[in-house]
Amino acid sequence: MFGFEGFTKDLGIDLGTANTLVYVKGKGIVVREPSVVAIRTDTKTIEAVGEAAKKMIGRTPGNIRAIRPMKDGVIADFETTSTMIKYFIRQAQKQRLLFQRHPSVMVCVPSGITAVEKRAVEDATRQAGARDAYTIEEPFAAAIGADLPVWEPTGSMVVDIGGGTTEVAVISLGGIVTSRSIRVAGDEMDEAITQYIKRTYNLMIGERTSEQIKMEIGSALPMETSAKLEIRGRDLVSGLPKTMSISSDEITEALSDTVNSIVDAVKVTLEKCPPELSADIMDRGIVLTGGGGLLRNLDRLLARETGMPVLVAENPLDCVAIGTGRALENIHLFKTRSGPTSKARR
Ligand SMILES: Nc1ncnc2c1ncn2[C@@H]1O[C@H](COP(=O)(O)OP(=O)(O)OP(=O)(O)O)[C@@H](O)[C@H]1O
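Note that the structure is a prediction, hence the values are computed from the model and not measured.

**Q** So what's going on with the packing of helix α5 (residues 186-201) against helix α7 (residues 248-271)? Residues and values would help.
**A** At a closest axis distance of 9 Å, the pairing of α5 and α7 adopts a crossing angle of 140°. As the angle between them shows, α5 and α7 are arranged oblique. Here α5 runs over α7; the crossing is right-handed. Two secondary-structure elements touch here, α5 through E188, M189, A192, I193, Y196 and Y201 and α7 through E250, I251, E253, A254, L255, T258 and I262. Here the contact of α5 with α7 is built from residues that sort into 9 nonpolar, 1 polar and 3 charged.

**Q** Residue-level account of the domain arrangement of the chain, with values.
**A** A common measure of how large an interface is: the accessible area buried when the components associate. Assigned domains of the chain: these are domain 1 (11-136), domain 2 (141-184 + 265-321) and domain 3 (186-255). Every contact between the two is made by 18 residues of domain 1 and, on the other side, 13 residues of domain 2. Between domain 1 and domain 2, roughly 1,200 Å² of surface is buried when both sides are summed, and carbon and sulfur atoms account for 57% of that area. Two residues, R183 and E117, come together in a salt bridge whose shortest N-O distance is 3.8 Å.

**Q** Give me the lowdown on the site of the ligand, citing residues and values where you can.
**A** Contacts to the ligand come from 21 residues, most closely from E138, G163, G164, E211 and K214. Residue N19 places a main-chain N or O atom 2.8 Å away from an oxygen atom belonging to the ligand. Taking G291, its main chain carries an N or O atom lying 3.0 Å from an oxygen atom of the ligand. Listed by contribution, the elements that provide at least two residues to the shell around the ligand are α5 and α6 (207-217). In terms of residue count, α6 provides more of the shell around the ligand than any other element does, 3 residues in total. Tallied by class, residues from the shell around the ligand come to 5 nonpolar, 11 polar and 5 charged.

**Q** Give me the lowdown on unusual backbone geometry, citing residues and values where you can.
**A** In this structure, D147 takes a positive phi of about 65° despite not being glycine. Positionally, D147 belongs in the loop between α4 (138-145) and β11 (156-161). In the Ramachandran plot, N202 falls in the positive-phi region, its phi being about 55° despite a non-glycine side chain. Within the secondary structure, N202 is located in the loop between α5 and β14 (203-204).

**Q** Outline the pattern of salt bridges, supporting the account with residue identities and numerical values.
**A** Opposite charge on two side chains makes pairing possible when the charged atoms of those side chains draw close. Applying the stated criterion across every chain, the model contains 16 salt bridges. One continuous salt-bridge network, built from bridges that share partners, spans R119, E122, D123 and R126.

**Q** An account of the packing of α4 against helix α10 (residues 319-329) is needed here, citing residue identities and associated values.
**A** The interhelical angle for the contact between α4 and α10, taken along N-to-C directions, is 90°, at an axis separation of 6 Å. One finds that α4 runs roughly perpendicular with respect to α10. Touching E138, A141, A142, I144 and G145 of α4 are C319, V320, I322, G323, T324, R326 and A327, all from α10.

Each value, and the rule that gives it
Residues numbered from 1 in each chain as written. Predicted model: local features only at pLDDT ≥ 70, side-chain atom pairs only at ≥ 80, totals over all residues. Heavy atoms only, no water. Axes fitted to C-alpha atoms, helices over the stretch in contact; angles between N-to-C directions. Helix = DSSP H or I, 4+ residues; strand = E, 2+ residues; numbered from the N terminus. Parallel < 35°, antiparallel > 145°, perpendicular 65-115°, else oblique. Left-handed = near helix turned anticlockwise from the far one by under 90°. Contact = heavy atoms within 4.5 Å. Nonpolar A, V, L, I, M, F, W, Y, C, P; charged D, E, K, R; others polar. Domains from an automatic or database assignment. Buried area = accessible area lost by both parts, 1.4 Å probe. Salt bridge = Lys/Arg side-chain N within 4 Å of Asp/Glu carboxyl O. Near = heavy atom within 4 Å. Polar contact = N/O pair within 3.5 Å; in protein donor to acceptor, adjacent residues only side chain to side chain.

Now the structure itself:
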């Protein structure tokens, strides 16, 4: 059993592909920044991390590269990820919330990752200064953060749609009964929009523009009143900047393949769910978490396709971070290491 008396100033980190959130017990979420690092390619030094680095995406001079070290929810670049975690821990410490130089840190990881990938997250966290590094599977953390009764003998289903991964899991009695993790989520939606606009209008738009289009007029089902948005990009024929208007119906069409992959992942997981637990889920409903859960009408589409009630969690973007932090507070409830958490010591 891991003692939990020293955890008061310890951290839960939602190390996401898109955003990293840090949760401190009693304080809530104290850091919320994009998971981006800007590096000088000549000297290999870090130029900026988080919000400042995100602003540089697509706007960097030749010698600076803005990268997202987490790709598809796992560590694509070990050194940079470790530097980024260190920066976020410092940000929390700067707010005088942490008095321990080496806090214990719980980091969430996608449920589908390999033992090697999990180890990489634990090592990067310890290299960033953590005394103990624990990992928790993301959908389990999301379910705790969404206030689902994860410890009860009743089935709960959570669909966490982040930047890189969508995690679908059925949880009961403190464990994941069945789950599915697909590397299709918000980033893939952005890419689908970029490709659609390139294919249809010969217009090249940036990563940030496609995300903005998704958030402002994206919808999983056609909206009752179609909306329009002015977008800017580079005309691939003339090579010049161009402004044009795009409709929400077009974005619904652009997003259909990605959205259908998510719907299929939910259906497959439901098919594998034991009947008693399905009945519980029918009563309580499927809960959507993660930023992707905010896509308009995704709840309605999922409800139509599964015949189950579907709800969006109260603060979908914060559920994983809150759940990760709460899991650290309740570490004594995790009975075995083969459950949804694991631990590595300095
Ligand atoms: N209103 C919205 N509509 C649609 N998508 C949104 C909205 N708000 C945020 N998103 C998307 O949610 C994604 C980020 O969600 P979140 O912060 O939960 O992911 P993450 O935890 O960083 O990623 P992962 O779980 O894959 O590691 C981004 O793709 C973002 O564009």
